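# Fold and geometry: a report
Each chain is listed here by its residues.
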Amino acid sequence: MNLPISSNHSVHPALYPILAASTLFCAGCSDGPMIDPPTPAVLTAGDLTLAYAENTLTLSRGNTTLLTFPKDAFQLGTVPVALTSVNYDPYRLYVPHPLYDEPEIVWLEPTSITLQSSTETDYTVNLSFPDSSTVVVFHADGPGHISAHWEAPISADEVAYFRLRPRASSTEGFYGLGEYFDDVNSRGHVRAMQIEVDSAIESGYNEAHVPIPFLTGTTGWGLFIPSDRPGVFAVAADPNQPNLIEAAFGTGVASADGLTFHLFGAAHPLDLSRFYYQLTGFPRVPAPWALGPWVWRDENKDQAEFLADANTIRDLDLPTTAMWIDRPYATAVNTFDFLPSQFPNAQALIDEAHSLGFRMALWHTPYLDEKNQTAETADLREYAEAQGYYPITSGLLLNKWGRPIDFTNPQAFAWWQTQLDNYKSMGIEGYKLDYAEDVVPGLTADRNVWEFADGSDERTMHAGYTRLYHQVYSEMLPEDGGFLLCRRGAAGDQQHASVIWPGDLDATFYKHREPFEENGETIVGVGGLPASIVAALTLSSSGYPFFGADTGGYKHSPPNKELFTRWFEQTAFSTVMQIGTSSNTVAWDPNGGPGFDQEMLDWYRLYTRTHLRLYPYLWTHAQLIAQTGRPITRPLGLAYPEMGIHPNDVYLLGDDILVAPITTAGATSRDVPFPPGRWIHFLTGEEFEGDTTVNVSAPLGQIPVFLRAGSVIPMLRPTIDALAPTTQPDRVDSFATTSGILYVKTTRGPASTFTVYDGTVLSAASETNTLTLSVTGGKTFTLGTQFEVIGVPLAPTEIKVDGTLLAEVQNPSDLESAAQGFTFETAQNGTLHIRIPANAKTVEVKFP
């Protein structure tokens, strides 16, 4: 409807293009066209607005148009009658498959959109279809957030699909939608919200382990559709319509419930995750030690081999925080014990691991082996059967052992946790949770029928089962957060699954679906190191900030020296560093992979220690998630949308570290697109100007990583081995024994401040010939500070600490044993080391 508005009212800026092209009339007026276009009612949520005019809804933030919804943005997919037996999978409407017979669908779109009513907080829009009508009710939930519910027509028996089709910028990047391996930018891609058959790839399916119906645009908008029904997002997939986004869900017989969706707006796209978390729950933060480095073997021979590994790690001074035991280790799968012939004294093993400063975890799944005839398995299985702890109806099983436990049954949920108590009492603090991907909507147009105790089925439980499976284990973890390494994920599951690992990636340099030859066979693989980085970056913008791939790859292992080195270079500068392959590769074994040698082991020690030393920096960013929602690992194109590029292998680790790994075999340099500002090489001290692309040298063992000029990076001491308590402090240098001196890596540059998680405040500020460093003590780091200023070509002429001259010592080794002092060396393009005591506040450095 058109409302007569006097000419002294302004028009919402987002509507200028629409109104300029329109001839508007006043309903009920006889004097022809209005001279002034009407001002529409505008729904306001802070600086996010939704405005209606002439069959179009426009979402804006300030003067920036984010999304438009013309009348064809709301489509209903109808069938003769929605059947309960049909798998209404909208993905197959975009990506056909011979096994899937598409239903007879007629897509209906409104003939008009009218504003039915509006208040300060609500906005009701009527959609007129040829033979019916429905409404979409929008609500301003708070600054930056508008929720909406699209009601079904009065008779929804023929509706099988709801499809949203908003228009966005034709040039912006699109992030989110879960874990994928091909591109960080979803532009041009069709993303399934469930596992699908894909015979073109080695695994046989689309690898959609963590599909999340949350999409963000780099202009600063987010779209979240909290539906567990089969879904798909086609993101600017039609080259003729580069601004068109389509999100369809197969609601089938549940269409009468309508479709709910949420619209978000923020000044920076990194801030959109906060709205998503407010709806679905903030991520579970793992324990500090869970950030790694972790070490594991795919198969441990026995207790002696495990303890030999643990002791070798400490003897060789290889920083490691935790270890897990992968299968097999129990009498049978999930018998909640240890096989006596393999682990004759498991409690002693766990105790010794703890003594050495390791935390412990186990591999697990939600099954009981239905083929195993041992008494332990039979007793558990028979009890579960008698109590009704299996699903009422089980569909196609996609695992090796049998039916999953039905965790919708509260008694089954509690029983499984009771079994886990045995491991908890022994000191197990985490789990690698594998499989549980059996519950899929269907591989054909017919449903893959599953029925659960609570009345749910596979049409929603392909996501719901994931959440319950992880919740069972999450509730059994220690108060410090423990560790869950999960293969699968779903919207909201970030509350339980603290870390995602991407399943079985290839031990190669190949990209996702890039063919390669092995033993005369052409393989289209999941992907290796490049795919791992893409997976981490797509997850980080989809609500999962913690990610840990198998360093070195899994399938087609072992990795050679080059691949293994490039992989641990990269995972050292990631949130979670975990190391293991299907070939039981360990870095210290010269037979672990082709070319493994002492040089590689020395690099391995350097990078595992660097990761552990970055703990104060990483843990601070982990704690900030609850305040800002910003991910720790940030794709360059999302962190700097103004650059207009979306590389798959360049990212920010927190606010101040730029990472550009080598992902190509044989490469010893790479082009690095630098964001605005100046950037200093983390390892060499070389300086690079921003807003340009530079080819950077990267010999094997040297990853291109850069600090923002002027940034202050808190780190642990260079001798650190572990974070957890140890009873062997002379052998294991653990943070739990003493926090030690806080080390701070910094450079000259613009003034900056970093507040460490314990309240310690660090700052740096440079002028032409001076550098001022300051520290205000916190609760944990109370023993002094040592600054490492890199990229300083000239030695200082004078250093004062709180106004008193600081004495120079001969070299860095002497400084380590001194209470205070400084030394200068030419390494890293000139490095200045400054140590100050606990109560010191300000350091003033003068240069020539």
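Throughout what follows, the structure given in this document is the object of discussion. (Residues numbered from 1 in each chain as written. Predicted model: local features only at pLDDT ≥ 70, side-chain atom pairs only at ≥ 80, totals over all residues. Heavy atoms only, no water.)

### Digging into the sheet that holds strand β2 (residues 48-53)
- Strands sit in the order β1-β2-β3-β4 across an open sheet of four strands; the sheet is antiparallel. If you trace the sheet from one side to the other, it starts and ends with β1 (42-45) and β4 (64-70), each paired once. Strand-to-strand twist in this sheet, taken as the mean axis angle between neighbours without regard to direction, amounts to 15°. (Pairing = 2+ DSSP bridges. Helix = DSSP H or I, 4+ residues; strand = E, 2+ residues; numbered from the N terminus. Axes fitted to C-alpha atoms, helices over the stretch in contact; angles between N-to-C directions.)

### Details of the packing of helix α4 (residues 303-315) against helix α5 (residues 346-355)
- Put simply, α4 and α5 touch, their axes get as near as 11 Å, and they point 5° apart. Here α4 is positioned roughly parallel relative to α5, judged by the angle of their axes. Taken together, the residues of α5 that come into contact with α4 (itself represented by Q303, F306, L307 and N311) are A346, A348, L349, E352 and A353.
- Considered class by class, the residues forming the contact of α4 with α5 number six nonpolar, two polar and one charged. (Parallel < 35°, antiparallel > 145°, perpendicular 65-115°, else oblique. Contact = heavy atoms within 4.5 Å. Nonpolar A, V, L, I, M, F, W, Y, C, P; charged D, E, K, R; others polar.)

### Some remarks on the packing of aromatic side chains
- Enumeration according to the criterion identifies 57 aromatic pairs in this entry.
- On the basis of an interplanar angle of 40° and a centroid distance of 5.3 Å, the ring pair of Y277 and F282 is categorised as tilted.
- In this structure, R191 is placed above the aromatic ring of Y180, and the distance from its NZ or CZ to the ring centre is 4.3 Å.
- When the ring centre of Y390 is taken as origin, the NZ or CZ atom of R403, which lies over that ring, is 3.8 Å away. (Phe/Tyr/Trp six-rings, centres within 6.5 Å; stacked < 30°, edge-to-face > 60°. Lys NZ or Arg CZ within 6 Å of the ring centre and 35° of its normal.)

### Details of unusual backbone geometry
- Looking along the chain, the bond that leaves G292 and enters P293 is cis, with omega of 15°.
- On the secondary structure map, P293 appears in the loop between α3 (273-280) and β19 (294-295).
- Cis geometry marks the peptide bond from R327 to P328, where omega comes out at 0°.
- Structurally, P328 is set in the loop between β20 (322-325) and α5.
- Notably, A236 is not glycine yet its phi reads approximately 50°, a positive angle.
- With respect to the secondary-structure elements, A236 resides in the loop between β16 (231-235) and β17 (245-250).
- Here N829, not a glycine, exhibits a phi torsion of approximately 60°, which is positive.

### Structural notes on the side chain of D337
- Considering the arrangement of structural elements, one finds D337 in the loop between β20 and α5.
- Although D337 is buried, it forms no salt bridge, and the closest oppositely charged side chain is R381 at an N-O distance of 13 Å.
- A distance of 2.6 Å separates polar atoms of two side chains, one belonging to D337 and the other to T331.
- If we skip the residues at most four places from it in the chain, D337 touches Y329, A330, T331, E376, N422 and Y423. (Buried < 20%, exposed > 50% of the residue type's maximum accessible area, 1.4 Å probe, protein only. Lys, Arg positive; Asp, Glu negative; His and termini not counted. Salt bridge = Lys/Arg side-chain N within 4 Å of Asp/Glu carboxyl O. Polar contact = N/O pair within 3.5 Å; in protein donor to acceptor, adjacent residues only side chain to side chain.)

Fair warning: the whole summary comes from geometry, so function is off the table for now.
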